[in-house]
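Report on the structure
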Amino acid sequence: MWAFYKFMYPRPPKSMMPKEGDVTTPRQCNFCGNSLAEYRGVLETKPSLATTSGGNTESAQELFFCNYEHQADFHAGRTYKPYA
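Everything quoted here is computed from the prediction, not taken from an experiment.

1. Remarks on the environment of threonine 24
Assignment of secondary structure puts threonine 24 in the loop between helix H1 (2–8) and strand S1 (26–28). For the pair threonine 24 and alanine 37, spaced 13 residues apart in the sequence, the C-alpha separation amounts to 5.1 Å.

The following block contains the structure:
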């Protein structure tokens, strides 16, 4: 049984694991809304964005995406269709 689980569920490569200094808190994708650890996604800072009504400029200047395709679709103005 041990060999079956070892074969079916191998360990991920070390390159996929968080390294020292990586932020592991979950963030929500600005395109699809899925949660993903920050070190696994694409973080984009935009200094030209205005401040929010609460005055929090840091959160208003950061966009987070699951991958580069979601980032490109977000900037192209597309909407997310989960079952399309």
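2. What to know about the pattern of salt bridges
All chains considered together, the criterion is met by three salt bridges. Arginine 27 serves as the salt-bridge partner of glutamate 62, at 3.2 Å between the closest nitrogen and oxygen. One end of the pair, glutamate 62, is in strand S4 (residues 62–65); the other, arginine 27, is in strand S1, with 35 residues separating them in the sequence. We classify glutamate 62 as partly exposed; its relative accessible area is 26%. Of the charged contacts in the structure, one is a salt bridge between aspartate 73 and arginine 78, with a shortest N-O distance of 2.6 Å. For arginine 78, a relative accessible area of 52% corresponds to the exposed category. If you follow the salt bridges from partner to partner, you end up with Arg27, Glu38 and Glu62 in one network.

Parameters and conventions
The residue numbering used here restarts from 1 in each chain and proceeds along that chain's sequence as written. Since the coordinates come from a predicted model, pLDDT governs what is reported: local features require at least 70, and pairs of side-chain atoms require 80 or more to be given and counted, while whole-chain, interface and lining totals use all residues. Derived side-chain values reflect all non-hydrogen atoms in the structure, with water molecules and hydrogen atoms excluded from consideration. Under the DSSP-based scheme used, a helix requires at least four consecutive residues in state H or I and a strand at least two consecutive residues in state E, with every element numbered from the N terminus. The salt bridge criterion pairs a side-chain nitrogen of Lys or Arg with a carboxyl oxygen of Asp or Glu, the two atoms within 4 Å. Residue burial is assigned from relative accessible area. The probe radius is 1.4 Å, only protein chains are included, and a residue is buried under 20% of its type maximum, exposed over 50%, and partly exposed in between.

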